[in-house]
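Now for the letters of each chain:
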Amino acid sequence: MTSQHEPQNTKPRVGIFVDVQNIYYTCRDSYGKNFDYNAFWRVMAQQYNIECAFAYAIYRGDEKQSQFQNILRAIGFEVKLKPFIQRRDGSAKGDWDVGITIDMLEHGKNLDKVILLSGDGDFALLLGHLKSQYNVSCDVYGADRLTAEALKQSAEQFHLIDNTFLL
């Protein structure tokens, strides 16, 4: 039971959306390290009420990846998986752009802030839409040289992934 004199929880309501493949390759290519999801979650939980948190990944049937996805679930992420598709020409398909967009539109209208972990410039238009239609601010976490300029410009704040969030 809470008393009238206890302070109300005034932390902003946030949704976290992680493009797992993009963040994996961004951190590997930019820093030669892995992203520290535990450290990230701790910092976000101190600043915000985490209303929803999604990690979008590709399912390849790999045991190591399954263990990693279970770690994400234990932290608090809902892990969404899509099968890895190898095309006949040898190219591969496995992005979550449309799924991330749908979820951000669906959940964004009920949040104070959306946090996107991705460097994909295709999300720039989405961030602008969330701001103009729902007045939801959008922050982006990424690596400087691997984050599209359009995405940086459309974010309310662009946060450079640094050693705070690297393993």
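Because the structure is predicted, anything quoted here is derived from the model rather than measured.

## What about the pattern of salt bridges?
When charged atoms on two side chains of opposite charge get close, those side chains can pair.
Alright, step 1. Evaluated as defined, the whole model comprises 7 salt bridges.
Alright, step 2. Between glutamate 156 and lysine 131 there is a salt bridge, with its nearest N and O atoms 3.7 Å apart. Within this pair, whereas glutamate 156 is found in the loop between helix H6 (149-154) and strand E8 (157-160), its partner lysine 131 is found in helix H5 (residues 124-134), the two being separated by 25 residues in sequence.
Alright, step 3. On the basis of relative accessible area, lysine 131 is assigned to the partly exposed category, the value being 38%.

## So, the pairing of strand E7 (residues 137-142)
Alright, step 1. Among the 6 residues of E7, 6 are classified as buried, and the element is accordingly described as predominantly covered.
Alright, step 2. Here 5 bridges tie strand E6 (residues 113-117) to E7, and the two strands are oriented parallel to one another. Its bridge partner being in E7, lysine 113 is matched across the sheet by serine 137.
Alright, step 3. As for the winding sense of the linkage, the β-α-β connection from E6 through H5 to E7 is right-handed.
Alright, step 4. Looking at chain direction, E7 and E8 are connected through 4 bridges and run parallel. Within the sheet, the bridge partner assigned to aspartate 139 lies in E8 and is glutamine 157.

Thresholds, definitions, all that
Residues numbered from 1 in each chain as written. Predicted model: local features only at pLDDT ≥ 70, side-chain atom pairs only at ≥ 80, totals over all residues. Heavy atoms only, no water. Salt bridge = Lys/Arg side-chain N within 4 Å of Asp/Glu carboxyl O. Helix = DSSP H or I, 4+ residues; strand = E, 2+ residues; numbered from the N terminus. Buried < 20%, exposed > 50% of the residue type's maximum accessible area, 1.4 Å probe, protein only. Pairing = 2+ DSSP bridges. Right-handed = clockwise from strand over helix to strand, strands pointing away.

Keep in mind these numbers describe shape, not what the thing actually does.
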